[in-house]
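# Summary of the model geometry
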Amino acid sequence: MRGELVVYLCGAHSLAFAAFHLAFWKLFDWPRALQHTNPATRAVTQILNLRLIYVFLGVAMLCFWMPQQLLATSLGHALLAGMALFWLGRLVEQFVFLRYNTPLVHALTASFVLGVALFALPFIPEATT
């Protein structure tokens with residue numbers, strides 16, 4: 001698989017997660033559900049989610065607009081490796097904090113594995129030629 005295509009897929013993955021996080025207010029009924037927490041927890045939860053959306057959109061933008069730089073520079077490699085580690089960490093946290101045996105949780109787990117694989121793929125020489 002060509003390196004640029006892999007990076008574009010990384011961008012699509014990041015864009016999908018930005019959209020998913022944008023839906024959290026409705027999906028988790030945050031206006032009602034967060035009323036049961038203290039104001040600091042309510043604020044931090046929403047602020048962290050907005051910052052994640054920003055990060056995912058930034059990574060997607062870089063993947064779509066600068067795929068060659070991500071593949072050919074040490075800074076690009078650092079970003080790709082950092083995102084692979086981000087998704088690996090999120091995968092581990094899935095088993096620590098979200099221990100539910102439901103299809104949705106299994107789909108999320110698979111999407112985190114996909115994130116690890118996509119962002120790590122450019123470091124496997126045979127995979128990107």
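It should be noted that the structure appears before, not after, this text.
Quick look at the structure, then.

## A word on the pattern of salt bridges
Oppositely charged side chains can pair when the atoms bearing their charge come close. Throughout the structure, instances matching the rule amount to one salt bridge. Note that Asp 29 is salt-bridged to Arg 32, the shortest N-O span being 2.7 Å. Judged by relative accessible area, Asp 29 falls into the partly exposed class, the value being 29%.

## Let's talk about the packing of helix α1 (residues 3-22) against helix α4 (residues 39-65)
Taken N-terminus to C-terminus, the directions of α1 and α4 make an angle of 155°; their axes are 8 Å apart at the nearest point. Considering their axes alone, α1 and α4 lie roughly antiparallel with respect to each other. The handedness of the crossing between α1 and α4 comes out as left-handed. In this structure, α1 contributes Val 7, Tyr 8, Cys 10, Gly 11, Ala 12, Ser 14, Leu 15, Phe 17, Ala 18, His 21 and Leu 22 to the contact, and α4 contributes Asn 49, Leu 52, Ile 53, Phe 56, Leu 57, Val 59, Ala 60, Cys 63 and Phe 64. When its residues are assigned to classes, the contact of α1 with α4 shows 16 nonpolar, four polar and no charged.

## Focus: the packing of aromatic side chains
Overall, the coordinates contain 13 aromatic pairs when judged by the stated rule. Aromatic side chains Phe 17 and Phe 56 sit 5.9 Å apart centroid to centroid with 50° between the ring planes, which places their arrangement in the tilted category. Residue Phe 17 is found in helix α1, and its partner Phe 56 is found in helix α4; the two are separated by 39 residues along the sequence. Residue classification places Phe 56 among the buried residues on the basis of a relative accessible area of 1%. Considering the side-chain rings of Trp 87 and Phe 112, the 5.7 Å spacing of their centres and the 20° angle between planes classify their relative orientation as stacked. Placement of the pair is Trp 87 in helix α6 (residues 74-97) and Phe 112 in helix α7 (residues 103-120), with a sequence separation of 25 residues. We classify Trp 87 as buried; its relative accessible area is 1%.

Here is what the cut-offs are and how they apply
- Residues numbered from 1 in each chain as written.
- Predicted model: local features only at pLDDT ≥ 70, side-chain atom pairs only at ≥ 80, totals over all residues.
- Heavy atoms only, no water.
- Salt bridge = Lys/Arg side-chain N within 4 Å of Asp/Glu carboxyl O.
- Buried < 20%, exposed > 50% of the residue type's maximum accessible area, 1.4 Å probe, protein only.
- Axes fitted to C-alpha atoms, helices over the stretch in contact; angles between N-to-C directions.
- Helix = DSSP H or I, 4+ residues; strand = E, 2+ residues; numbered from the N terminus.
- Parallel < 35°, antiparallel > 145°, perpendicular 65-115°, else oblique.
- Left-handed = near helix turned anticlockwise from the far one by under 90°.
- Contact = heavy atoms within 4.5 Å.
- Nonpolar A, V, L, I, M, F, W, Y, C, P; charged D, E, K, R; others polar.
- Phe/Tyr/Trp six-rings, centres within 6.5 Å; stacked < 30°, edge-to-face > 60°.

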